[in-house]
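The lines below spell out each chain.
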Amino acid sequence: MDAPCRLYLITPPILPPDFPDRLAAALDAGDVACLQLRLKEAPPDAVRRAVEALMPIAQARDVAFLLNDDAALAAELGCDGAHLGQEDGDHAEGRRLLEGRILGITCHDSRHLAMLAGEAGADYVAFGAFFPTTTKEARHRAGTDLLEWWSEMFEIPCVAIGGITAANCAPLVRAGADFLAVVGAVWNHPEGPAAGVRAMQRAIAEAGDAA
Ligand SMILES: Cc1ncc(COP(=O)(O)OP(=O)(O)O)c(N)n1
Ligand SMILES: Cc1nc(C(=O)O)sc1CCOP(=O)(O)O
Ligand SMILES: [Mg+2]
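Residues numbered from 1 in each chain as written. Chains lettered and ligands numbered in written order. Predicted model: local features only at pLDDT ≥ 70, side-chain atom pairs only at ≥ 80, totals over all residues. Heavy atoms only, no water.

S.K.: Quick question: what am I supposed to make of the UniProt feature "domain: Thiamine phosphate synthase/TenI" (unreviewed entry) in the chain here?
M.R.: The UniProt record annotates "domain: Thiamine phosphate synthase/TenI" (unreviewed entry) at residues 7-186. Taken as a whole, residues 7-186 contains 37% helix and 21% strand, while its terminal C-alpha atoms sit 10 Å from one another. (UniProt positions renumbered as here; feature names shortened; annotations may be inferred. Helix = DSSP H or I, 4+ residues; strand = E, 2+ residues; numbered from the N terminus.)

S.K.: Would you explain the nonpolar core in this entry?
M.R.: As a rule of thumb, soluble globular proteins bury nonpolar side chains together. Grouped together as the largest cluster of nonpolar side chains are 77 residues, with contacts concentrated most on Phe127 and Leu180. Broken down by element, this core gets its largest block of residues, seven residues, from helix α2 (residues 44-59). With near-sequence residues (within four places) excluded, Phe127 lies in contact with Cys107, His108, Ser110, Ala114, Ala142, Leu146, Leu147, Trp150, Cys158, Val159, Ala160 and Ile161. (Core = buried A, V, L, I, M, F, W, Y, C linked by side-chain atoms within 4.5 Å. Buried < 20%, exposed > 50% of the residue type's maximum accessible area, 1.4 Å probe, protein only. Contact = heavy atoms within 4.5 Å.)

S.K.: Can you help me understand the site of ligand 2 in this one?
M.R.: Residues in contact with ligand 2, as listed here, are Arg38, Gly128, Ala129, Thr133, Thr135, Lys136, Ile161, Gly162, Gly163, Val182, Val183 and Gly184. One of the side-chain N or O atoms of Thr133 is found 2.6 Å from an oxygen atom in ligand 2. One nitrogen or oxygen atom from the main chain of Gly184 is found 2.9 Å from an oxygen atom belonging to ligand 2. In the complex, the protein chains occlude 92% of the 420 Å² of accessible area that ligand 2 would expose alone. Of the residues belonging to the shell around ligand 2, the class tally is four nonpolar, six polar and two charged. (Near = heavy atom within 4 Å. Polar contact = N/O pair within 3.5 Å; in protein donor to acceptor, adjacent residues only side chain to side chain. Areas by Shrake-Rupley, 256 points an atom, 1.4 Å probe, with all protein chains shown as cover. Nonpolar A, V, L, I, M, F, W, Y, C, P; charged D, E, K, R; others polar.)

S.K.: Hey, could you run me through helix α5 (residues 111-119) in this one?
M.R.: Note: α-helices contain 3.6 residues per turn, so residues at a spacing of three or four share the same orientation. Capping of α5 at its N-terminal end is provided by Ser110; its side-chain oxygen lies 3.2 Å from the backbone amide nitrogen of His112. Backbone geometry just after α5 places Gly121 at a positive phi near 95°.

S.K.: Explain the pairing of strand β4 (residues 81-84) here, please?
M.R.: The side chains of a regular strand alternate between the sheet's two faces. Of the two faces of β4, the one holding Gly81 and His83 and the one holding Ala82 and Leu84 are both buried throughout. With three bridges connecting them, strand β3 (residues 64-68) and β4 associate as parallel partners. Across the sheet, residue Asn68 finds its bridge partner in β4, namely His83. With helix α3 (residues 71-76) bridging β3 and the parallel β4, this β-α-β connection has right-handed handedness. Direction of pairing for β4 relative to strand β5 (residues 102-106): parallel, over a ladder of four bridges. Considered in β5, the bridge of His83 is made with Gly104. This β-α-β element, β4 to helix α4 (residues 91-97) to β5, shows right-handed connectivity. (Pairing = 2+ DSSP bridges. Right-handed = clockwise from strand over helix to strand, strands pointing away.)

Here it is in structure tokens:
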């Protein structure tokens, strides 16, 4: 039987002062497989400080801590891995830097990029955006056929990302996504991040039960 789909949490673009408490509450609310620190606008020093503050909170809860965009910094700081896009350096070099750690690679809506990522040694491939998102300007749109094809053909796990919420995630789970990566569904949930995690977990479980 396939492993059940799990939640992949990404930090909000800007961290509020009480973020460590909000993060702990979110991670304590349900099953979160990993946390990606994604601070696109922060200077390197601030990223380092954020890793030092947040990585222990994730790792204390057995949540893998991944850094976005920078394989070398992820390895230097002892992160569990890194997520690299198509413009985030050479993937083979990233694989070398992250030996023994997790390497995830963005593949947009492309079967070709996903197969290259697999050849480069990615531990997961990420497809998106599945839905409109306000978190970033997403230039690609993926469909569930991609998840179905990938999960039937390959063992490497796939991540779905982009505008995913508790209300729209069921088809992605049923199509074979191993992880659902979210920002807004958790951090912008009207009842707070813990409620966001619970809602996602409930929706994932219900979609899995119905499959
Ligand atoms: C899990 C996951 N999937 C995709 C992305 C996007 O990566 P990238 O294309 O490099 O864009 P930025 O996140 O750097 O804006 C991701 N971060 N995480
Ligand atoms: C970081 C990111 N990458 C995407 C891609 O399509 O590659 S979409 C996205 C934003 C995800 O945030 P939300 O869950 O709030 O839509
Ligand atoms: Mg990137």
